[in-house]
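Observations on the three-dimensional arrangement
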Amino acid sequence: MNETHQNLIRIGTDILSASRNELYLSMRFLDLALSGLRYEMNLSSLYVGTDGEKILFNPRYLVQRYLSDRVLVNRAYLHMVLHCLFRHPFHLNHRDEELWHLACDIAVESIVDSLSVKAVRLVVSDKRNEMYDMLRRELKVLSAEGIYRVLEEKKLSLQEFGKLQLEFWVDDHVFWEHQKDDEDENNKDEDNQDNSNDQQQEQEEQDEKQQQLEEKWTEIGEKTETNLETFSKDMGAEAGELLQYLKVENRERYDYRQFLQKFVTLKEDMRVDDDAFDFIFYTYGLQMYGNLPLIEALEYKEVKKVEELVIAIDTSESCEGETVKRFLEETYAILSSSESFFHKMNVHIIQCDAEIQEVQKITSQEEFEAYMKTMQLHGFGGTDFRPVFAYVDELIRQHAFTNLKGMLYFTDGFGDFPEHQPDYQIAFVFLDDDYNNYQVPVWAIRLILTTEEIEQ
């Protein structure tokens, strides 16, 4: 390494260290996050960027920005730290890559622009304010996921997209996670099998490293949230929208497929249990004694499947019809694709607003499929949960159920809950993209899903 190379590394490192120190003095609640990245010179990019482990910088770019205005370096440093704090580099998840990168930049810059801190304060352009105002009319929190959804729905032209990229661009995302080209992987020649195995092992190591980095930043994010809520309360005003965003990013995320397992019933399903059957003794008996096997095949085995279930749908005016249909379609898709149903079932689908609007009894997969094709929503009045519980209690008294496992109640959350706990499990499922903190009785299960989570 020659002297010029060493000087470039030293200059870049000194600039970034000075920026980190200035940010720390202004926002001490970010101490863990600001210390979470080391520095490395990388000339493959003309700018600066992060991979979640380090800041990779081109020293000439840093020097130019620093001489122009060191606030620009401070903002870039904070911009990259916030990307990591919100795990943007790790959450591509089969989205449109360029649109996701733009949404992440807008989300982070909206926070930086909201900070009343001298170290990062610049005049916010009219173009940015216009974008923030539009997004706030659509979203409660300007998260990258929400911004992505809004921009996707608006179907931006190439010209509009390019202008937004220029307006909000700060760092190079070339070091982020990228989509894997499955088609190229499948088309590899067999002659390259050894090379393919090496690449697969390398990819597995990279995936493991990415997971470790995401876990690291998840922990830093949770500690930063705690710090803002406790030790740094006096800095709350300076934190702008950061605390609210952290609450969104640190919220517990759910797998709806796993959640439905809470509503399975253990019962004997009439089928051969191959796992418990010994073919050696069976065939030996047939060979020795003709038609006398030593061990008969078991005729049944216990499997966990849904036998009885109530699916209550809130059709009040505040619940959108397409949202309700999406929830029911996804619920049906999960149950049917995983063979969760018995051959015979007892599922009641109840539509209700302030009163019962429609009840459909389903006894087979075929009936469920037919209902999904012809389903019409009824109601759109007020919301009251109590009629559904009263109706189900009456069904139980009439012996319409023999072993009701539970009820899924899909709702917007604004209604009257019953006073007493029923004898079956209850799960209120809220489909919400605004990150509201819904409250349910202590005896009920609460599940809050975003549109993206339920579609996945």
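Refer to the structure presented above.
This text gives an overview of the structure that appears in the document. (Residues numbered from 1 in each chain as written. Predicted model: local features only at pLDDT ≥ 70, side-chain atom pairs only at ≥ 80, totals over all residues. Heavy atoms only, no water.)

Across its full length, the chain holds 17 helices and 10 strands. Here the chain holds 456 residues, and 46% of them are scored as buried. For the chain, contacts bridging at least 24 residues in sequence account for 69% of all contacts bridging at least 6. (Helix = DSSP H or I, 4+ residues; strand = E, 2+ residues; numbered from the N terminus. Buried < 20%, exposed > 50% of the residue type's maximum accessible area, 1.4 Å probe, protein only. Contact = heavy atoms within 4.5 Å.)

Before going further, it helps to examine the packing of helix H5 (residues 97–114) against helix H6 (residues 126–138). Contact geometry for H5 and H6: axes closest at 11 Å, N-to-C directions at 110°. Our classification of the angle between H5 and H6 gives roughly perpendicular. Facing Ile106, Glu109, Ser110 and Asp113 of H5, the residues of H6 in contact are Arg128, Met131, Tyr132 and Leu135. Residue composition of the contact of H5 with H6, by class: four nonpolar, one polar and three charged. (Axes fitted to C-alpha atoms, helices over the stretch in contact; angles between N-to-C directions. Parallel < 35°, antiparallel > 145°, perpendicular 65-115°, else oblique. Nonpolar A, V, L, I, M, F, W, Y, C, P; charged D, E, K, R; others polar.)

Attention now goes to the packing of aromatic side chains. The tally for this structure, following the rule as stated, stands at 14 aromatic pairs. Seen from their ring centres, Tyr47 and Tyr61 are 5.4 Å apart, and the 90° between their planes marks the pair as edge-to-face. Of this pair, Tyr47 sits in the loop between strand E1 (38–41) and strand E2 (48–50) while Tyr61 is found in helix H3 (residues 59–68), placing the two residues 14 residues apart along the sequence. Its relative accessible area of 32% is what places Tyr47 among the partly exposed residues. (Phe/Tyr/Trp six-rings, centres within 6.5 Å; stacked < 30°, edge-to-face > 60°.)

Within the element layout of this structure, Glu53 appears in the loop between E2 and strand E3 (54–57). Among the polar contacts made by the side chain of Glu53, one reaches the side chain of Lys54 at a distance of 3.4 Å. Engagement of the side chain of Glu53 in a polar contact is seen with the side chain of Lys209, the distance being 3.0 Å. Setting aside chain neighbours within four positions, we find Glu53 in contact with Gly36, Leu37, Arg38, Lys209 and Leu213. (Polar contact = N/O pair within 3.5 Å; in protein donor to acceptor, adjacent residues only side chain to side chain.)

Judged by pairing direction, the sheet is mixed, and its three strands sit side by side in the order E1-E3-E2 without closing on themselves. A single partner strand is all that each edge strand has here, and the edge strands are E1 and E2. Mean inter-strand twist for the sheet, computed between neighbouring axes without regard to direction, equals 25°. Pairing of E2 with E3 involves three bridges; the strand directions are antiparallel. Residue Thr50 lies in a different strand from E3, and its bridge partner there is Ile55. On the sheet, helix H1 (residues 3–26) packs against E1 and E3 and is oriented at approximately 150° with respect to E1. Lying on the sheet, helix H4 (residues 70–85) is in contact with E1, E2 and E3; it crosses E2 at an angle near 20°. (Pairing = 2+ DSSP bridges.)

Let us now look at H3. Of the positions making up H3, those classed as buried are Pro59, Tyr61 and Leu62. The buried residues of H3 all sit within an arc of 155° when viewed along its axis, so they share a single face. Exposed residues on H3 whose side chains face more than 90 degrees from its buried face are Arg60, Gln64, Leu67 and Ser68. Buried residues along H3 sit in contact with H1, E1, E2, E3 and H4. Measuring from the backbone nitrogen of Arg60 back to the side-chain oxygen at the start of H3 gives 3.1 Å, which picks out Asn58 as the cap. (Arc of directions from axis to C-beta.)

The next point concerns the nonpolar core. Counting residues in each nonpolar core, the largest one holds 64 residues, and the members touching the most others are Leu85 and Leu242. The greatest single-element share of this core, amounting to 10 residues, is contributed by H5. Leaving out residues up to four positions away in the same chain, Leu85 has contacts with Leu30, Ala33, Trp217, Ile220, Gly221, Thr224, Leu242 and Leu246. By size, the runner-up hydrophobic cluster in this structure holds 28 residues, among which are Leu260, Leu309, Ile311 and Leu408. (Core = buried A, V, L, I, M, F, W, Y, C linked by side-chain atoms within 4.5 Å.)

What follows concerns the environment of Tyr424. With respect to the secondary-structure elements, Tyr424 resides in the loop between strand E8 (406–411) and strand E9 (425–431). Residue Tyr424 is classed as buried on the basis of its relative accessible area, which comes to 6%. Ignoring sequence-local partners within four residues, the contact set of Tyr424 consists of Phe389, Val392, Asp393, Ile396, Leu404, Lys405, Gly406 and Met407.

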